[in-house]
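Spelled out, the chains give:
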Amino acid sequence: MSIFLLKRLLTLIATLLGASIVVFAVLEVLPGDAAQMLMGPDAEPEAVAAMVQQLGLDQPALTRYWQWIAGLLHGNMGDSYVYGSPVAELVWERLAVTVPLAIMAMCITAVLAIAAGVFAAANHKRWGDVGLMGLAQIGIAIPNFWFAILLILLFSVKLQWFSAGGFPGWSEEAGGGFWPALQALLLPAIALAVVQAAILARITRSAVLEVLREDFVRTARAKGLSRGAALWRHVLRNAMIPVVTVMGLQFANLLAGTIVVENVFYLPGLGRLIFQSISNRDVIVVRNCVLLLAAMVVVVNFVVDVLYAAIDPRIKAGDI
C-alpha cells in the first residue's frame, strides 16, 4: 500500500511541476501588457517603462519563473498588480465561495445520480428506466448557464423564493450568515449539478447492471437475500469503482468550471476573480489561480486513486 501511495504522490508532484511550466509559458506568450494596462493607453513611455521595472517584468522569463516557484514553496503568491494586495488573501476570500459551491453541487449530483442510476438498473427496460434515462439525456444536453438563467427566472423573478444573485457572506457581522449564504449558493449549485448528475446517473446504471450479472449476486439471492438488500449491500459497492472515478473528475470540473455560473449569479468566487483578472491583464493573479485549480484537480485525482485501494482490495494486492 505504501508503494502504491508513493507512486501516486510522485505522479502528483511531477504533474504539478509540468502544469506550472505550461501555465507560465502560456501567459508569457499571450498578447497584452500589464504595465500598459495599469498606466492607461495615454501614459508616457517612460512611465510605462518605470512600471515594468517596478513589477519586475524586465527580468528574464526563466528568472521570473523560478522566483514564482520559490515564492509558492514559501507560501508567497506575490501581490496583485491591480488590487495591490497579496494574491493569497484574494484567493482565500474567493475560495470561501467556490469550494462550498462545488461541494454542494457534488453532493446534489451524487444523491440524484446514484439514486436514479440504481433505480433505473433495478427497473431495467421498464418505464422507470426509460423515463429516467430520457431525462438524463436531456440533462446532458442542457448548458449550465442556460439552466441557471431558467432557475433565476422561475425561483427569483416569478416565485421570488431566492435572490437573483450576489453573496451575503458567511459572517453574521457582515449581514450574512450560514443559512443566507447557503441559500445564495443553492441555485448555482443546482445549475452546476444538473449536467453532472445526468452523466453520473447513466454511468451508475451501466455499472450496476454489469455487476448484477455477476455470479456472486445470484449466490447471494440463492441464500435468501432480498433483491433490495443484495442491490444496496453488495452490488452498489462493487459498482462504485467507475462511479467514484467519474465523481472525482466531476468534482475537479466543478472546481475549475464555475466561471460562467459565478458570473451569471454575480458570485465573488475564484472563477469570477480569474475572469476579472484576465480582463485587467493581472497576470500574477491569473497564474496563481489557474495553477491552484490545476493543483485541486490533481489532488482530487490522487484522492480518487486512494479510494480505489479502499474500495477494491485487488488494487492493494497488485501494488504492494
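Residues numbered from 1 in each chain as written. Predicted model: local features only at pLDDT ≥ 70, side-chain atom pairs only at ≥ 80, totals over all residues. Heavy atoms only, no water.

Draft legend 1. Spotlight on the overall build of the protein chain. Per the secondary structure count, the protein chain includes 14 helices and zero strands. Secondary structure elements of the protein chain occur, N-terminal to C-terminal, as α-α-α-α-α-α-α-α-α-α-α-α-α-α. Taking the contacts inside the protein chain whose residues are at least 6 apart along the sequence as the reference set, 73% of them involve residues at least 24 apart. Counting every atom, the protein chain has about 17,100 Å² of accessible surface; 67% of that belongs to carbon and sulfur. (Helix = DSSP H or I, 4+ residues; strand = E, 2+ residues; numbered from the N terminus. Contact = heavy atoms within 4.5 Å. Areas by Shrake-Rupley, 256 points an atom, 1.4 Å probe, with all protein chains shown as cover.)

Draft legend 2. Representation of the packing of helix α5 (residues 87-122) against helix α8 (residues 178-212). Viewed as axis vectors pointing N to C, α5 and α8 meet at an angle of 35°, and their least axial separation amounts to 5 Å. α8 is crossed by α5, and the crossing has right-handed handedness. Taken together, the residues of the contact of α5 with α8 sort by class into 28 nonpolar, four polar and one charged. (Axes fitted to C-alpha atoms, helices over the stretch in contact; angles between N-to-C directions. Left-handed = near helix turned anticlockwise from the far one by under 90°. Nonpolar A, V, L, I, M, F, W, Y, C, P; charged D, E, K, R; others polar.)

Draft legend 3. Summary view of the environment of Arg221. Mapped onto the secondary structure, Arg221 falls in helix α9 (residues 215-222). Given a relative accessible area of 39%, Arg221 falls into the partly exposed group. With 10 residues separating them along the chain, Arg221 and Leu231 place their C-alpha atoms 10.0 Å apart. (Buried < 20%, exposed > 50% of the residue type's maximum accessible area, 1.4 Å probe, protein only.)

Draft legend 4. Main features of the pattern of salt bridges. One pass over the full model with this rule turns up one salt bridge. Notably, a salt bridge pairs Asp129 with Arg205, separated by 2.7 Å at the nearest N-O pair. Of this pair, Asp129 sits in helix α6 (residues 127-141) while Arg205 sits in helix α8, placing them 76 residues apart in sequence. Exposure class is identical for Asp129 and Arg205. Each is buried. (Salt bridge = Lys/Arg side-chain N within 4 Å of Asp/Glu carboxyl O.)

Draft legend 5. Representation of the environment of Trp68 in the model. In this structure, Trp68 sits in helix α4 (residues 61-73). The residues touching Trp68, leaving out its near neighbours within four places in the chain, are Ser20, Phe24, Arg287, Asn288 and Leu291.

Draft legend 6. Focus on the UniProt feature "transmembrane region" (unreviewed entry) in the protein chain. Under the UniProt annotation, "transmembrane region" (unreviewed entry) lies at residues 101-122, 134-157, 177-200 and 285-311. Split by type, residues 101-122 is 100% helix and 0% strand. Its first and last C-alpha atoms lie 32 Å apart. As annotated, residues 134-157 comprises 92% helix and 0% strand, and the C-alpha atoms at either end are separated by 29 Å. (UniProt positions renumbered as here; feature names shortened; annotations may be inferred.)

Draft legend 7. Spotlight on the packing of aromatic side chains. Overall, the coordinates contain seven aromatic pairs when judged by the stated rule. Note on Phe24 and Tyr65: the rings are 5.4 Å apart at their centroids and 70° apart in plane angle, and the pair reads as edge-to-face. Within this pair, whereas Phe24 is found in helix α1 (residues 2-29), its partner Tyr65 is found in helix α4, the two being separated by 41 residues in sequence. (Phe/Tyr/Trp six-rings, centres within 6.5 Å; stacked < 30°, edge-to-face > 60°.)

Draft legend 8. Quick look at α4. Between its first and last C-alpha atoms α4 spans 18 Å; for 13 residues at 1.5 Å apiece the expected length is 18 Å, and the two agree. Along α4, the residues classified as buried are Arg64, Tyr65, Trp68, Ile69 and Gly71. Projected onto a plane normal to the axis of α4, the buried residues spread over an arc of 160° and lie on a single side. Opposite its buried face, α4 presents the exposed residues Leu62, Trp66 and Leu73, each directed more than 90 degrees away. Backbone geometry just downstream of α4 places Gly75 in the positive-phi region, at approximately 80°. (Expected span 1.5 Å × (residues − 1). Arc of directions from axis to C-beta.)

Draft legend 9. Just the packing of helix α7 (residues 144-158) against α8, in detail. Orientation of α7 relative to α8, taken along the N-to-C sense of each, is 140°, at an axis distance of 9 Å. Classified by the interaxial angle, the pair formed by α7 and α8 is oblique. The crossing of α7 and α8 is right-handed. Of α8, the residues touching α7 (which contributes Asn144, Phe147, Ala148, Leu151, Phe155 and Ser156) are Leu187, Ile190, Ala191, Leu192, Val194 and Val195. Among the residues making up the contact of α7 with α8, the classes are represented as 10 nonpolar, two polar and no charged. (Parallel < 35°, antiparallel > 145°, perpendicular 65-115°, else oblique.)

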